[in-house]
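Tertiary structure, described
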Amino acid sequence: MSPGLSRCKVLGILNVTPDSFSDGGWCVASDAAIAKGLGLARQGADVIDVGGESTRPGAVRVDAEEEMRRVIPVIGALSEAGITVSVDTMRADVAASALEAGADIVNDVSGGLADPSMLPLLADSGTTCVLMHWRAHAAVMQRHAVYDDVVADVCDELARRVDAALAAGVLAENIVLDPGLGFAKTAEQSWSLLAALPDLRRLGFPLLIGASRKRFLAECVDYGARNPASPIDRDEASNAVAALAAAAGAWGVRVHAVAPAAAAVRVAERLHADGGR
Ligand code: PMM
């Protein structure tokens, strides 16, 4: 790999929710979720991102106890198996329990906005944290997809989250940023942000990109006889984005189909190492 392009992490998505749009709700039981997580790790995931609350557009919140019931046993088992785990949560209590159970990273899609206790917890724990661009909870977020200039506005709002995190005592070296594709964003706005990864990198923090199976991908692919509304049919487009994000220097990509996305990422890195610009 050439200087400036460090190994891009592949985060395998493990949504332990009955209503996850991409998992079809089959892995609600802990054992099935643990088995799926172990499988994702075998397929080449560097990190398993475990979430217990759906954040798809329109989703309603679950309570903290239910969220913990879903994720903590799974995180404990995966961590015990030696797997690096992140917890996808907006709640400080859930994050704290997840860290106790062995999680290594906290992935807060609200960037610390949803729970005032989150940034202090991240500071105290000294853990790596993903702060995503977010404006509102899933039930209402698409009403907030209004920007003067989506790239400039998302950069400004992420910079404000960084300021808040630093003020709370989070170390700069522990912060990863994420533009939050599909969160309070139209398809057009998500594409604009993907096209602007160099601008986002200029914020000076590692970047996580989560495009996998999201609706905005459907609009640029000719699906022929297949159903473009089916998330799984968006995997080819997801893999293309994973490769392009890795080539653009992303710290990580968050994906459902780990094996092909990991291959796509490694191909991008290999080409870069051979002098690709
Ligand atoms: N997307 C979802 C959930 N968590 N976390 C980060 N950091 N970035 C994302 O883009 C993101 C996320 C929603 O997608 P899913 O329902 O397929 O997990």
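Our subject is the structure that appears above.
Here we summarise the structure given alongside this text.

Thresholds, definitions, all that
- Residues numbered from 1 in each chain as written.
- Predicted model: local features only at pLDDT ≥ 70, side-chain atom pairs only at ≥ 80, totals over all residues.
- Heavy atoms only, no water.
- Core = buried A, V, L, I, M, F, W, Y, C linked by side-chain atoms within 4.5 Å.
- Buried < 20%, exposed > 50% of the residue type's maximum accessible area, 1.4 Å probe, protein only.
- Helix = DSSP H or I, 4+ residues; strand = E, 2+ residues; numbered from the N terminus.
- Pairing = 2+ DSSP bridges.
- Contact = heavy atoms within 4.5 Å.
- Axes fitted to C-alpha atoms, helices over the stretch in contact; angles between N-to-C directions.
- Polar contact = N/O pair within 3.5 Å; in protein donor to acceptor, adjacent residues only side chain to side chain.

1. Side note on the nonpolar core
Counting 79 residues, the largest nonpolar core has Val50, Leu78 and Ile175 as its most contacted members. A total of 7 residues in this core trace back to one element, the largest contributor, which is helix 5 (residues 150–168). If you look at the next biggest cluster of nonpolar residues, it comprises 7 residues, including Val47, Val130, Val176 and Leu208.

2. Some thoughts on the sheet that holds strand 3 (residues 85–88)
Spatially, 6-5-4-3-2-1-8-7 is the arrangement adopted by the 8 strands of the open sheet, whose pairing is parallel. With partners counted over all chains shown, the strands left at the sheet margins are strand 6 (175–178) and strand 7 (208–209), one partner each. Relative to strand 3, strand 2 (residues 47–51) runs parallel, the two sharing 4 bridges. Looking at strand 3, one finds that Ile48 is bridged to Val85. Against the sheet, helix 9 (residues 258–273) touches strand 1 (9–15) and strand 8 (252–255), its axis set at about 165° to strand 1.

3. Regarding the side chain of Glu157
Locating Glu157 in the fold gives a position in helix 5. Residue Glu157 is classed as buried on the basis of its relative accessible area, which comes to 18%. Looking at Glu157, its side chain comes within polar contact range of the side chain of Arg135, at 2.7 Å. Aside from chain neighbours lying at most four places away, what touches Glu157 is His133 and Arg135.

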